[in-house]
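Breakdown of the fold
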Amino acid sequence: MKEKGEYFMEGNIACAEGALKAGCGFYAGYPITPASEVMNHLSEELPKVGGRFIQMEDELGSMASIVGASWTGLKSMTATSGPGFSLMQENLGYAVMTETPCVVVNVQRAGPSTGQATKPGTGDVMQARFGSQGDYELIALSPNSVQEMFDFTVRAFNLAERYRTPVVLLADAGVGHMREKVKIREDVKTVKRRRPEEGEREFFDTDREDHVPPMPNFGEGEELLVTGSTHLGDGTRDTSSFEAQDNLVRRLVDKIEDNREDIEDWEEHHAEDSDLVVVSYGSMSRPARGAVRKARKEGHNVGFFRPKVIWPSPEKRLKKIGENSKVLLAELSLRGYRMEVERSVPSENLHIFDRLNSLPTVDKIYDNIKEVL
Amino acid sequence: MLKAKDIKEKYVRSHPSPFCPGCGGGMVLNSLSRAVEKSKLSKDEIVAVSGIGCAAWIPSPHWRVDTLHTTHGRAIAFATGVKLGNQDLEVMVVSGDGDCAGIGGNHLLHGARNNVDMNVFMINNGLYAMTGGQVAPTTEHDEETLTTPYGNPSSSFEAAEVVKAAGAGHVARWTTYHMNELIEEVEKAIETDGFSFIEILTQCPTRTGKKKNMSGLEMLEWYKENTSKDQDTEKIYVGTLSKVDKPELTEQIYRQIKEAGGDPK
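Residues numbered from 1 in each chain as written. Chains lettered and ligands numbered in written order. Predicted model: local features only at pLDDT ≥ 70, side-chain atom pairs only at ≥ 80, totals over all residues.

1. Structural notes on the overall build of chain B
- Secondary structure summary: chain B contains 10 helices and 11 strands in total.
- Relative to the 2.2 N^0.38 estimate, which gives 18 Å for 265 residues, the radius of gyration of chain B is 18 Å and therefore close to what a compact globule would have.
- The buried share of chain B, taken over its 265 residues, is 53%.
- A separation threshold of at least 6 residues defines the contact pool for chain B, and within that pool the share at least 24 residues apart is 66%. (Helix = DSSP H or I, 4+ residues; strand = E, 2+ residues; numbered from the N terminus. Rg over C-alpha atoms; globule rule 2.2 N^0.38 Å. Buried ≥ 20, exposed ≤ 12 C-beta atoms within 10 Å, placed from the backbone. Contact = placed C-beta atoms within 7 Å.)

The following block contains the structure:
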């Protein structure tokens, strides 16, 4: 684990270092480009701080074992890319249903299917949110720098522990393989799951306003019932009643929805009063931000908006922006975040700059801004 | 030794049983509970991990221990995380033949290869019972099932032999007819520091029974007649298939953590 200081570091390594700083105690993974460096680094560093590392037989197993380890009280994590992320969807849904804190890093690459393994893409934005069956919400963070690969990994652990939910770090090959300066602070804030208080026996329901029940560990004599089937507050399976399904699934969704204020995070510049606001995220937001700077320098009234937390999406803020100005969505995919932005911005105000395979130049986006203006 | 009533009180949660009349599921639960009672284990140390299917419902919610009822086929992978997470826990996996050897076959192979310390009980009724009796990797050649109305064109999977070849520390096979032997074998599994795999041939009077026109009791009689503790007969061998000493995964990983300067506690 790196000491406090400034380093020149690859994004995936910064992610691994963020995990160590956040107190990760268990990592399971399977090799995949362009995410493997996270695993390679942790295989060496995690044991030094007492953490367990295992390379599993596949991504189904990786996701399964981090959930198992989380119930022994360890902060757990895996990292993968598109094909592996697809395999993880089953047990990602299980983690949602059983309210198991864990962090899943997806260093997105160009898809669909095997696609282009070393090239960046952000075509998994909807999958991160809707990839597993049934109604649910989860949290996904979108870093755009090596610094954010570090910071957002720490925040991903904190949110997972705070809300007893899986959190996806939705990176891309651009930020994963980028090397730049990262500053590691001494005083990184970390959060641990709420443990049951004396006499508290409901681990799967709560009257608390934050909707988060306490979480015990295996081996504490609680005779825990953890199940992916619909269950009552004490964990008992209930595969038929309306009340059980309605109470549980509604609370799981509300747990994210009603805590938006604490979870949401974005960056914006002149988003209030511009003729055009460029909306972008991930590595694409870097040239997009450059293009906005250039446009403003040239005297154009252009703003910038970047969701740092992409799920839950800052829909109210997007709606507000779309009411007052034109929006140019710049993204490294054709379908990534588009439907969500279309939902918030009136079609006559919405323009798209999409790109596949690699980042465009600042000038390319700048030219598009001028066209749209 | 506790009386049956006391075993039930101590180890079984009072839920209505989901098992059909004559099912072997309850006999497995009984055997596991009695073996734990005979061993030095406290039930607070046990985590019972299961997947999907009738067998997965044996521990969850009925066994009065920590339970992790997971997704179809993945129980061994979840259990690996639990064991590596806390070495002091005694991890028991209860899985059907479809769950364990079909959809979960890859995790089974690698759990055995890793020789991770857990006890896997494969409850083998030879088909997918919960979903109506479809063909499984353990169904005999030519056998009729719901999805092999013309007979099984494929051949059955000798899971215990495969697990043995994959390197598990302890492999055995018994049936629900052999409750006493099974209890002893479960005790052995608890004592084994490594991957223990016990195949338990278990009657399903509802699916197999209906096809073969046999009651649960008749199927137990069939196990009695068609199994042997002698490996040199044509009958199904019951007993220990393999017991080898090899490095156990959790032990190895905890040692490496200590050598790297970390504290696994």
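Right, picking up where we left off after that structure.
2. Remarks on the overall build of chain A
- Summing up its helical and strand segments, chain A has 13 helices and 16 strands in all.
- Taken against the 2.2 N^0.38 rule, which gives 21 Å for 373 residues, the C-alpha radius of gyration of chain A at 21 Å falls within 12% of a compact globule.
- Referenced to the eigenvectors of the C-alpha coordinate spread, the extents of chain A come out at roughly 65 × 45 × 40 Å.
- For chain A, the residues scored as buried account for 55% of the 373 residues in total.
- The long-range fraction of contacts in chain A, counting pairs at least 24 apart against all pairs at least 6 apart in sequence, stands at 75%.

3. Some details on the domain arrangement of chain A
Residue and element names in this part refer to chain A.
- Examined at the domain level, chain A breaks down into domain 1 (5-184) and domain 2 (267-372).
- Each partner contributes residues to the interface: domain 1 has 22 residues there, and domain 2 has 23 residues.
- If you list the elements that add at least two residues to the side of domain 1 that touches domain 2, you get β6 (116-120), α5 (125-130), β7 (139-141), β8 (166-172) and α7 (173-177).
- By residue class, the composition of the side of domain 1 that touches domain 2 is 11 nonpolar, seven polar and four charged. (Domains from an automatic or database assignment. Nonpolar A, V, L, I, M, F, W, Y, C, P; charged D, E, K, R; others polar.)

4. Describing the sheet that holds strand β10 (residues 225-227) of chain A
- An order of β10(A)-β2(B)-β1(B)-β3(B)-β4(B)-β8(B)-β7(B)-β11(B) is seen for the eight strands of this open sheet, with the pairing classed as mixed. At either end of the open sheet lies a strand with only one pairing partner, and these are β10 of chain A together with β11 (239-243) of chain B. The mean angle between the axes of side-by-side strands here comes to 15 degrees, regardless of whether they run parallel or antiparallel.
- The pairing of strand β7 (residues 170-175) of chain B with β11(B) spans four bridges and is antiparallel. Pairing of B:Ala172 across the sheet is with B:Thr240, part of β11(B). (Pairing = 2+ DSSP bridges. Axes fitted to C-alpha atoms, helices over the stretch in contact; angles between N-to-C directions.)

5. Focus: the interface of chain A and chain B
- With 39 residues of chain A at the contact, the number on the chain B side is 36 residues.
- Those elements that place two or more of their residues in the side of chain A that touches chain B are β2 (24-29), β3 (52-55), α3 (59-70), α4 (82-97) and β10 of chain A.
- Among the elements that line the side of chain A that touches chain B, the one with the most residues is α3(A), at eight residues.
- The residue inventory of the side of chain A that touches chain B, partitioned by class, reads 18 nonpolar, 13 polar and eight charged.

6. Points about the sheet that holds strand β13 (residues 302-307) of chain A
Residues and elements named next belong to chain A.
- Taken in spatial order, the five strands make up an open sheet running β11-β13-β12-β15-β16, and their pairing is mixed. In this open sheet, the two edge strands, each paired with only one partner strand, are β11 (266-269) and β16 (350-354). Averaged over all pairs of adjacent strands, the angle between their axes in this sheet comes to 20 degrees, without regard to strand direction.
- Both β11 and β13 contribute to a ladder of four bridges, which runs antiparallel. Among the inter-strand pairings, Trp266 is bridged to a residue of β13, identified as Pro307.

7. Considerations on helix α6 (residues 146-163) of chain A
- Helix length check: α6(A), at 18 residues, gives a terminal C-alpha distance of 25 Å against a target of 26 Å (1.5 Å per residue), a fit within 8%.
- Burial analysis of α6(A) places 17 of its 18 residues in the buried class, the great majority of the element. (Expected span 1.5 Å × (residues − 1).)

8. Some remarks on the pairing of strand β12 (residues 276-280) of chain A
Residue and element names in this part refer to chain A.
- Among the five residues of β12, five are classified as buried, and the element is accordingly described as predominantly covered.
- Burial along β12 is two-sided: Leu276, Val278 and Ser280 facing one way and Val277 and Val279 facing the other are all buried.
- Remark: the β12/helix α10 (residues 285-297)/β13 crossover connection has right-handed handedness.
- Relative to strand β15 (residues 326-331), β12 runs parallel, the two being bridged by five bridges. By the bridge assignment for β15, Val279 is matched with Leu329. (Right-handed = clockwise from strand over helix to strand, strands pointing away.)

9. Brief notes about helix α6 (residues 159-166) of chain B
- Those residues of α6(B) that sit buried are B:Ala159, B:Ala160 and B:Val163. Relative to the axis of α6(B), the buried residues are bounded by an arc of 95 degrees and lie together on one face. (Arc of directions from axis to C-beta.)

10. Notes on the environment of A:Leu350
- Mapped onto the fold, A:Leu350 is located in strand β16.
- Sequence-wise, A:Leu350 and A:Gly322 are 28 residues apart; in three dimensions their C-alpha atoms are separated by 7.8 Å.

11. Notes on the packing of helix α2 (residues 25-38) of chain B against helix α7 (residues 179-191) of chain B
Residues and elements named next belong to chain B.
- Interhelical geometry of α2 versus α7 gives an angle of 50 degrees and a closest axis separation of 8 Å. By the angle class used here, α2 and α7 are oblique. When the axes of α2 and α7 are compared, the crossing they make is right-handed. Together, Met27, Ser31, Leu32, Arg34, Ala35 and Lys38 of α2 and Met179, Leu182, Ile183, Val186, Glu187 and Ile190 of α7 make up the contact between the two elements.
- Of the residues assigned to the contact of α2 with α7, the class counts are eight nonpolar, one polar and three charged. (Parallel < 35°, antiparallel > 145°, perpendicular 65-115°, else oblique. Left-handed = near helix turned anticlockwise from the far one by under 90°.)

12. As for the nonpolar core
- In this structure, A:Val105, A:Val278, B:Val82 and B:Val93 are the most contacted members of the largest nonpolar core, which totals 182 residues.
- Examining the composition of this core, we find that 10 residues originate from one element, α6(A), more than from any other.
- The residues that make up this core include at least three from each of domain 1 (5-184) and domain 2 (267-372) of chain A.
- The contacts of A:Val105, once residues within four sequence positions are left out, are A:Cys15, A:Ala35, A:Val38, A:Met77, A:Ala79, A:Leu169 and A:Ala171. (Core = buried A, V, L, I, M, F, W, Y, C linked by C-beta atoms within 7 Å.)

13. Quick word on the environment of A:Thr361
Residue and element names in this part refer to chain A.
- Summarising the element assignment, Thr361 is placed in the loop between β16 and α13 (362-372).
- On the basis of neighbour count, Thr361 is assigned to the exposed category, with 11 C-beta atoms found within 10 Å.
- For the pair Thr361 and Ala291, spaced 70 residues apart in sequence, the C-alpha separation works out to 8.7 Å.

14. Concerning unusual backbone geometry
Residue and element names in this part refer to chain A.
- Omega for the peptide link from Gly111 to Pro112 comes to 0 degrees, which places this bond in the cis form.
- Mapped onto the elements of the fold, Pro112 is located in the loop between β5 (102-110) and β6.
- The amide bond that connects Trp311 to the next residue, Pro312, takes the cis arrangement and shows omega of 0 degrees.
- Counting through the fold element by element, Pro312 comes out in the loop between β14 (309-311) and α11 (315-324).
- Phi at His270 takes a positive value of approximately 55 degrees, unusual for a residue other than glycine.
- Inspection of the secondary structure puts His270 in the loop between β11 and β12.
- Residue His270 is classed as partly exposed on the basis of its C-beta count, with 15 C-beta atoms lying within 10 Å.

15. Here's the deal with the environment of A:Lys192
- Structurally, the position occupied by A:Lys192 is in the loop between β9 (179-184) and β10.
- Sequence separation of A:Lys192 and A:Pro312 is 120 residues, and the distance between their C-alpha atoms is 22 Å.

16. A few points about the packing of α10(A) against α13(A)
Residue and element names in this part refer to chain A.
- Relative orientation of the contacting elements α10 and α13 amounts to 55 degrees, with a least axis distance of 8 Å. By the angle class used here, α10 and α13 are oblique. Note on packing geometry: the crossing formed by α10 with α13 is right-handed. On the side of α10, the interface is formed by Pro287, Ala288, Gly290, Ala291, Lys294 and Ala295, while α13 contributes Val362, Ile365, Tyr366 and Ile369.

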